[in-house]
Amino acid sequence: MRLSGSDFEIVSCDSVQVYRYLDIGSGKPSRDDLNRVRHHLVDVVNPDEIFTAGSFVESACTAVERIEERGMVPLFAGGTGMYVDSFFYGISDIPEIDRSIRKVLLQHLEEGAIGRLYDELYAVDPVFAASIHRNDRQRIVRGLEVYRGTGKPLSGFYCNKVKRVSEKTLFISIWRDRSELIERISARVDAMIAGGLVDEVDSIRKMGYSPNLKSMQSIGYKEINAYLDGNINLDEAVDALKLETSRYAKRQMTWFRRNADAVWYNASDFEGIYSKIRYWLESTQKKRCSNDKECQ
């Protein structure tokens, strides 16, 4: 069996690529790539709209149904671990939390206690805390309000509700040597700056989208917004972007290493990855045919 892009349709698992206009900073696929292979969950909401893990699961379910109706294979790709886990391993309903809890947490933030709050979150929910930045105000508050309101860590809700993982699911994770990864991150950031990231962020702001939006505070956009606001110079913004991207890559590895179902390959091992996918496709096809008279 030969593999080609015509076998698959991609379901993007990237929490920034879902936003329209946030192209360069999110590393969004080029127009040629989008035309060559059908992508889902790219450019689905405006920068000021809310898009959660629950939103992703709902949209991804619809995408998978349409992909399979066309006889294609859904290929989930991207680094937002919570999206991946929420779809394949389930997401539970979180009870309504007493608003007074959030109010107290926000007051602590205003008093400059973000470091202490992150440490508290790490103590009660190390899995979720390890997946976010220690300055991520929104997610720190969310993690703590859920724990204080329910006595259960937020990461505990992302399990066992509806599992879509099965023996037909193949997880492939890739890794690179740390030094190589840092070099690639640096080169990627330089390319984004050269490719017009500053102009992109400025253009989005001129559309009327606030730099304080969740989407505009994602990595790449937060640093350039700080530059455009005159808080740092461009060199400082670039250095901060490289550092934050490196830290995020480390958090991604921490998150995906928890997946006992994943098969790991070095990113340069194209033949190994190719062979694994080809074998998996052949195996799943045989299982399907064993119960399908049309295959016989």
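Not measured: the values here are computed from a predicted model. (Residues numbered from 1 in each chain as written. Predicted model: local features only at pLDDT ≥ 70, side-chain atom pairs only at ≥ 80, totals over all residues. Heavy atoms only, no water.)

Q: Can you walk me through the sheet that holds strand 1 (residues 8-12) in this structure?
A: Picture the strands of a sheet paired through backbone hydrogen bonds; they go either parallel or antiparallel. Judged by pairing direction, the sheet is parallel, and its 3 strands sit side by side in the order 2-1-3 without closing on themselves. A strand with exactly one partner marks an edge of an open sheet, and here the two such strands are strand 2 (39-40) and strand 3 (73-77). Of the pairings in the sheet, the one linking strand 1 to strand 2 comprises 2 bridges and is parallel in character. Looking at the pairing, isoleucine 10 lines up with histidine 39 of strand 2. The sheet strands contacting helix 2 (residues 53-69) are strand 1, strand 2 and strand 3, and the helix crosses strand 3 at an angle near 145°. (Pairing = 2+ DSSP bridges. Helix = DSSP H or I, 4+ residues; strand = E, 2+ residues; numbered from the N terminus. Contact = heavy atoms within 4.5 Å. Axes fitted to C-alpha atoms, helices over the stretch in contact; angles between N-to-C directions.)

Q: When you look at the environment of isoleucine 172 in this model, what are you seeing that I'm missing?
A: Position of isoleucine 172 among the secondary structure elements: in strand 4 (residues 171-175). Isoleucine 172 sits 101 residues away from isoleucine 273 along the chain, and the two C-alpha atoms are 7.9 Å apart. With near-sequence residues (within four places) excluded, isoleucine 172 lies in contact with Val263, Tyr265, Ile273, Lys276 and Ile277.

Q: Before we go on, may I ask you to explain the packing of aromatic side chains in this structure?
A: Each aromatic ring pair is characterised by the separation of its centres together with the angle its planes make. Applying the stated rule across the entire model yields 9 aromatic pairs. When the centroid spacing of 4.9 Å and the interplanar angle of 65° are considered together, the rings of phenylalanine 76 and phenylalanine 88 count as edge-to-face. With a gap of 12 residues between them, phenylalanine 76 in strand 3 and phenylalanine 88 in helix 3 (residues 81-89) connect regions that are remote in the sequence. Relative to phenylalanine 88, the ring of phenylalanine 87 lies with its centre 4.9 Å away and its plane at 80°, an arrangement referred to as edge-to-face. An aromatic cluster is defined as three or more aromatic residues linked by ring pairs; in this entry it consists of Phe76, Phe87, Phe88, Tyr89 and Phe171. Lying across the ring of tryptophan 255, arginine 258 places its NZ or CZ 4.4 Å from the centre. (Phe/Tyr/Trp six-rings, centres within 6.5 Å; stacked < 30°, edge-to-face > 60°. Lys NZ or Arg CZ within 6 Å of the ring centre and 35° of its normal.)

Q: Would you mind showing me how to read the nonpolar core here?
A: Looking at soluble globular proteins, one finds that nonpolar side chains tend to be buried together. Counting residues in each nonpolar core, the largest one holds 60 residues, and the members touching the most others are Phe51, Phe56, Phe76, Phe87, Ile140 and Tyr221. Residue contributions to this core peak at 7 residues, all from helix 2. With near-sequence residues (within four places) excluded, isoleucine 140 lies in contact with Ile114, Leu117, Tyr118, Leu121, Ile132, His133, Arg134 and Asn135. Residues Val73, Tyr265, Ile277 and Leu281 belong to the second largest nonpolar core, which totals 7 residues. (Core = buried A, V, L, I, M, F, W, Y, C linked by side-chain atoms within 4.5 Å. Buried < 20%, exposed > 50% of the residue type's maximum accessible area, 1.4 Å probe, protein only.)

Q: For this particular structure, what's the right way to read the packing of helix 4 (residues 99-110) against helix 7 (residues 137-150)?
A: Relative orientation of the contacting elements helix 4 and helix 7 amounts to 140°, with a least axis distance of 9 Å. Taken together, helix 4 and helix 7 sit at an angle that is classed as oblique. Helix 7 is crossed by helix 4, and the crossing has right-handed handedness. Note on element contacts: helix 7 touches helix 4 through Arg137, Val141, Leu144, Glu145, Arg148 and Gly149, opposite Ile101, Arg102, Val104, Leu105, Leu106, Leu109 and Glu110. The residue makeup of the contact of helix 4 with helix 7, split by class, is 7 nonpolar, 1 polar and 5 charged. (Parallel < 35°, antiparallel > 145°, perpendicular 65-115°, else oblique. Left-handed = near helix turned anticlockwise from the far one by under 90°. Nonpolar A, V, L, I, M, F, W, Y, C, P; charged D, E, K, R; others polar.)

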